[in-house]
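Chain by chain, the residues:
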Amino acid sequence: MTANPQTALEIAADVRSGSRLAAAVIEPYLAEIAQREGEIHAFNEVLADGARLEAAAVDRRVAAGEDVGPLAGVPIALKDNMCTRGIPTTCSSKILEGWKPPYDATVVQRVAEAGAILVGKTNLDEFAMGSSTENSAFGPTKNPLDTSLVPGGSSGGSAAAVAAGFAPLALGSDTGGSVRQPAALCGVVGLKPTYGAVSRYGLIAFASSLDQIGPFTNTVADAAALFDVIAGHDEKDSTSIPEAIAPITPHLEDGAGGLRVGVISELTGSGPLADGFEPEVLAQTQAAAEALAAAGATVSEVSVPSTIYGLSAYYIIGPAEASSNLARYDGVRYGLRVEGAANTKGMMIQSRTAGFGAEVKRRIMLGTYALSAGYYDAFYGKAQRVRTLIINDFNRAYEDFDVLLSPTSPCVAFPFGAKDDPLTMYLNDVATLPSNLAGHPAISVPFGSGRNGLPVGVQVLAPMLGERRLIQVAAVLEASQNGAGQ
Ligand code: GLN
């Protein structure tokens, strides 16, 4: 039994009605953190005092008859690459150690306005580069289900915080799978919204054409509620979608009747990637497809041929954008500066050498190379053309299907050190990257278990702004398992 099993929606209903105090809600979460955080290391910083103050403020507003918002009194954990005013924001990198942003990210503001209580900043792979949190400069996060295993990444701390019962809600960022993959490995729900649906203002940039912020929750209904709070136009983010984003919560119970579901053949055991997927993961994906058929959906296989090139394209485009975004960490403007060099250039070199970890340096070098004169067309230009092919292939598939289905991760949670060469780690992202390259939304829902009884995540994909379809289908998958008692 998970500690603190209440859903965010239950908590908010209690606090809004005055039947429970936010000040009382927060204590069992802080107690669980006090008990298990030493072992799990989900957080870079726990904000117990701040959380108690915020909870008391919510209670005062409820007592005064104010509408405190849809997440009243609900504890939330935020990935430590989202700016929080006056609170250290490190990206789990030494180069930002001690830096306190002078402003809040838009999502931070929105969850606060909705009444949520910030319990802490969660650990991640340095600058969100990785799939296991082993690249954090402050040490890895452990999977709460089995501490000898990784929680996934890069938002491993956020996934672990929800799975451990440290908070019912968390936010992560997903550039190539970093919400969905850790959600799958920790047995929770993870949603990557449409590119531009959620403001990236105050999210420390990794790869700006791919980055999106998304929710981690225990239930599909909570994911929908948190999405509804954070989605919507923000003039501070030039890539934010200008049109209003309709709430998805009203569609939770729409069911799967009549929906056309396509199971992506390239990501479910056919073609060149066939060997990469664990058989139990494929079996659960198949079982999920059957559950949707049983609920009235029309299910068939579909080929999305260029998805197999997503990995190659991503690992050019992502590093290229990262190499440019990370140029700002120069020892002058933020965080760490190594003193003692003879001149400014030497200071910058020494600060970046000391401040960045091995994976971040690898990405910066890969990206700089791919963008350099003479190689730009062969690498970056080609990767962008592959990106267009992926978008075209998805668009073609969505002429015949409402949603697509695949595993989220090719494998269940793996031991620390198991994927110690970079390419093996990158291969873990094969099923999640295509959605980021296309800008499309996707959700990972826990569905049954695989090797060693560990949770499997099934991924549902939809076209631009298809979040309502995602939660419709995800809710059916969730319910089918509860019914089956899995
Ligand atoms: N694992 C991928 C990477 O290392 C994706 C990371 C992410 O989504 N932030 O780049």
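Rules of the game
In this numbering scheme, every chain counts its residues from 1 along its sequence in written order. At least 70 in pLDDT is required for a residue's local features to be given in this predicted model, at least 80 for side-chain atom pairs to be given and counted, and no such filter applies to totals for whole chains, interfaces and linings, which use all residues. For side-chain calculations, the full set of non-hydrogen atoms in the structure is used, while hydrogens and water are omitted. Comment: axis = line fitted to C-alpha atoms, over the contacting stretch for helices; angle = value between 0 and 180 degrees taken between N-to-C directions. Helix and strand assignments come from DSSP, with helices taken as H or I runs of at least 4 residues and strands as E runs of at least 2, each series counted from the N terminus. In these notes the angle categories are as follows: under 35 degrees is roughly parallel, over 145 is roughly antiparallel, 65 to 115 is roughly perpendicular, and the rest is oblique. Each crossing gets its hand from how the near helix is turned against the far one by less than a right angle, where anticlockwise is left-handed and clockwise is right-handed. Only heavy atoms matter for contacts: two residues are in contact if any of them lie within 4.5 Å across the pair. Residues are grouped as follows: Ala, Val, Leu, Ile, Met, Phe, Trp, Tyr, Cys and Pro are nonpolar; Asp, Glu, Lys and Arg are charged; every other residue, Gly included, is polar. Accessibility here uses a 1.4 Å probe with only protein chains present; expressed as a share of the type maximum, an area under 20% marks a residue as buried, one over 50% as exposed, and anything in between as partly exposed. Definition of a polar contact: a pair of N or O atoms within 3.5 Å, with one able to donate and the other able to accept a hydrogen when the atoms are protein atoms, and with sequence-neighbouring residues admitted only if both atoms are side-chain atoms. The definition of a nonpolar core used throughout is a set of buried Ala, Val, Leu, Ile, Met, Phe, Trp, Tyr and Cys residues joined through side-chain atoms within 4.5 Å.

Q: Help me understand the packing of helix H9 (residues 310-325) against helix H12 (residues 377-400), please; the structure alone is not making it clear to me.
A: Where H9 contacts H12, the two axes come as close as 9 Å, and the packing angle between them is 125°. In terms of orientation, H9 lies oblique with respect to H12. For the pair H9 and H12, the sense of crossing is left-handed. Contacts between H9 and H12 involve Gly310, Ala313, Ile316, Ile317, Ala320 and Glu321 from the first element and Phe379, Tyr380, Ala383, Gln384, Val386, Arg387 and Ile390 from the second. Counted by class, the contact of H9 with H12 contains nine nonpolar, two polar and two charged residues.

Q: Would you mind showing me how to read the side chain of lysine 121 here?
A: With respect to the element layout, lysine 121 can be found in strand S3 (residues 117-122). The class for lysine 121 is buried, based on a relative accessible area of 0%. Side-chain polar atoms of lysine 121 contact the side chain of threonine 89, separated by 3.0 Å. For lysine 121, the contacting residues outside a window of four places in its chain are Phe43, Asn44, Glu45, Leu78, Lys79, Asp80, Met82, Thr84, Ile87, Pro88 and Thr89.

Q: It is not clear to me how the nonpolar core should be interpreted in this structure. Could you clarify?
A: Nonpolar side chains in soluble globular proteins tend to end up buried together. Core analysis: the biggest nonpolar cluster contains 91 residues, and Leu171 and Leu477 have the highest contact counts within it. Residue contacts for leucine 477: discarding those within four places in its chain leaves Ala288, Ala291, Leu292, Val445, Phe447, Val458 and Val460. Ile204, Leu273, Ala320 and Phe401 belong to the second-largest nonpolar core, a separate cluster that totals 51 residues.

Q: Even after reading the chapter, I still don't get the packing of helix H4 (residues 106-113) against helix H7 (residues 220-230), so can you show me in this structure?
A: Packed helix pairs are characterised by how far apart their axes lie and by the angle those axes make with each other. Interhelical geometry of H4 versus H7 gives an angle of 115° and a closest axis separation of 9 Å. Comparing their axes, H7 and H4 come out roughly perpendicular. Note that H4 runs across H7; the crossing there is right-handed. Counting all contacts with H4, which are made through Val107, Arg110 and Val111, the residues of H7 involved are Leu226, Val229 and Ile230. The residue makeup of the contact of H4 with H7, split by class, is five nonpolar, no polar and one charged.

Q: I'm lost on the side chain of serine 409 in this one. Help?
A: Considering the arrangement of structural elements, one finds serine 409 in the loop between strand S9 (403-407) and helix H13 (422-427). Exposure remark for serine 409: the relative accessible area of 3% places this residue in the buried category. Of the polar contacts made by the side chain of serine 409, one reaches the backbone oxygen of cysteine 411; its length is 2.7 Å. In contact with serine 409, other than residues within four places in its own chain, are Gln181, Leu185, Val281 and Asn428.

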